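# What the coordinates show
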Protein chains: 2
Amino acid sequence: MMNSKTYFVNSKTYSAPTEPVRDTVGAIMWDRPVVLPPLARINEAIERLRQVGLPHPSMNSCYVVAEDYTLLGVLGLRDMLLTRGGVRVEAAMTRPFATIQPEDDQELAAQLMEAFDLLELPVVDKDNRLVGVVTADEAMGVLQEEATEDMEMMAAITPSERPYLDTPVWRIFASRIPWLLLLMLSAAFTGAIIQHFEAALAAQVALTAFIPMLMDTGGNCGSQSSVTVIRGLSLGQIRFGDWLRVLWKELRVGLLCGASLAAVNLLRLTLLTAVSPAVAATVSLTLAVTVLAAKLVGCCLPILAKRLGLDPAVMASPFITTLVDAVSLLAYFGMASLLLGV
Amino acid sequence: MMNSKTYFVNSKTYSAPTEPVRDTVGAIMWDRPVVLPPLARINEAIERLRQVGLPHPSMNSCYVVAEDYTLLGVLGLRDMLLTRGGVRVEAAMTRPFATIQPEDDQELAAQLMEAFDLLELPVVDKDNRLVGVVTADEAMGVLQEEATEDMEMMAAITPSERPYLDTPVWRIFASRIPWLLLLMLSAAFTGAIIQHFEAALAAQVALTAFIPMLMDTGGNCGSQSSVTVIRGLSLGQIRFGDWLRVLWKELRVGLLCGASLAAVNLLRLTLLTAVSPAVAATVSLTLAVTVLAAKLVGCCLPILAKRLGLDPAVMASPFITTLVDAVSLLAYFGMASLLLGV
């Protein structure tokens, strides 16, 4: 299910992320908030509270609704305490700072509450009728869960909500093996590239020694970019519309990183090893290309995933590693044929 | 600065993580909570509130203190509203569910509040005198920041608190390049292993094609384990004392994953490629060893880091990848000399 609705937040408009909604607001909201009619007086409201009580321990507001439950305003317990008893509820209440709908993603609710320091967020249906309230203690739980889920997906694990020590071995196995299989089989692709250039490697066995370094550095550069972008998307600091700015930034960071690493590598190979200058140049140039490619792939894939309605975190390091490995090897053998004539 | 104090939480005792304290509770607490004397009556307390107001928008409790500010109890606004005016504050107040000290880590405060659904957490000095209160809106911010920091460290980035798009290119570069350099130079180690076995590779060039697959799978297995353990440590679901349980669990998961991946790989190489059975066996056995080693290294390193007072997240994927690469290559060449006689 996709949604890209907009929310009215203190005269600013917020869009729900276009992501599949797994855990909805409806599942975590408290559906029996204390409601008050707008024309009641504060001392009548307090009397009502004394009768019905405040069943939810984390709620410190009452909600002012019309007869059809249309949400009119919020009245904090603090306002009830500090306002004279004869004042009408509608004169003491404030407008809700933000509202959300029950079918929205829990993560959006938690992000709004975190960003705007809200302890309660009213949930309304399409006709603005109050159906529940999300409390800050639920929001804290959602923030923790979502962060855990993102980390698990970044590490190629199917997210689970059970604590590690309570999860049976076969379940941990089941959450990890599909990704490992998929990634192992996709690495057959890099194997095929190496096989294709077997003759070149046989002629220049020295080249083999640098394959792990090239691939690891590419993987590290790619996950630096992807994790930065994934977290930025998830915190709402990066939006799809920013893709050109992100690309331009990563291009420059990639050039700086690529140039620095290539220079250090060239120095090390020339001064500290017996490698021929041509091989040193081949490795260093490939390194620069790999770093740049890794940075660009690393920032683009999560943004693209977001655009396609997928969770950006699934596009993290392992997939990027496989892709960058292929680019890196092709660049390596290309450079080798150019500079070494193999 | 290290601390391993214990906290009194509803008759349970909690230990602060033995981690360097970067961001203290003192920096986020609100230091002017509304205080009440224990012998005041509820209607006097309400009168006092009307005079002083409730300056912090996210606070819905008053704190009952003795003359020397020793914390005696908490009185929520809800209790003030629902209790008869003549009752004394000390009869209506509740004991604080948990307290924390100003020099403690913000993360511990946020974790306690999240775990026990607390909207406010009183901060006391060594003599139990009230010095401030942490509110849920601050706790939500801390949870988000700490998760971001962990993700950045897992991806070998020096954490920064600035949003990505507002961070200048050179600063992003500076937060990434030291780790890339360190990891690139440590990969020289794996390069040296390959160089050492150059003769074996020259004799069996087919072996080279499987190096990327072995190394990537090892890296993926290692980060699955390390990220799971790092997050478990950070959520307080895993403690240092659990290391043996974690190791035993990862050992079994590692055996299952290793056996499955080796079996699939053996089938693929035998049925779909022209690789000799001896090479297929060498690659598959190395794969099983690599997976097991990666799982064990991946779970041990973060726990060890925690024990040494380091942040477990710095021990994540990249370091583990380098270590597992070395183990994997040594196993590979060992198997090759055993099974292929190279």
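Here's a quick rundown of the structure. Computed from a prediction, not measured in an experiment: that's the story for all the values here.

### Description of the pairing of strand β7 (residues 130–135) of chain B
Residue and element names in this part refer to chain B. Most of β7 sits inside the fold, with five of its six residues counted as buried. Sheet topology note: the strand β6 (residues 120–124)/β7 ladder contains five bridges and is antiparallel. When the sheet's bridge partners are listed, P122 is paired in β7 with V133. The hairpin formed by β6 and β7 contains five residues between the paired strands, and N128 there has a positive phi angle of roughly 65°.

### Digging into the environment of L143 of chain B
Position of L143 of chain B relative to the elements: it lies in helix α5 (residues 136–154). Judged by its relative accessible area of 5%, L143 of chain B is buried. The sequence separation of L143 of chain B and E107 of chain B amounts to 36 residues, and the corresponding C-alpha distance is 6.9 Å. Residue contacts for L143 of chain B: discarding those within four places in its chain leaves M140 and Q144 of chain A together with A110, Q111 and E114 of chain B.

### What about helix α10 (residues 277–307) of chain B?
With 31 residues, α10 of chain B extends 45 Å from end C-alpha to end C-alpha; this agrees with the ideal 45 Å at 1.5 Å per step. Among the residues trailing α10 of chain B, G309 of chain B stands out with phi positive, at a value near 80°.

### Side note on the sheet that holds strand β4 (residues 61–65) of chain A
Strands belonging to one sheet form pairs held by backbone hydrogen bonds; the direction of such a pair is parallel or antiparallel. Spatial strand order, β3-β4-β5 (chain A): three strands in an open sheet with mixed pairing. Where the open sheet ends on each side, the last strands, each with one partner, are β3 (35–36) and β5 (71–76) of chain A.

### Some thoughts on the environment of A263 of chain A
Within the secondary structure, A263 of chain A sits in helix α9 (residues 243–272). A sequence separation of 24 residues divides A263 of chain A from L287 of chain A, and the C-alpha atoms of the two residues are 9.7 Å apart.

What counts and what doesn't
- Residues numbered from 1 in each chain as written.
- Chains lettered and ligands numbered in written order.
- Predicted model: local features only at pLDDT ≥ 70, side-chain atom pairs only at ≥ 80, totals over all residues.
- Heavy atoms only, no water.
- Buried < 20%, exposed > 50% of the residue type's maximum accessible area, 1.4 Å probe, protein only.
- Helix = DSSP H or I, 4+ residues; strand = E, 2+ residues; numbered from the N terminus.
- Pairing = 2+ DSSP bridges.
- Contact = heavy atoms within 4.5 Å.
- Expected span 1.5 Å × (residues − 1).

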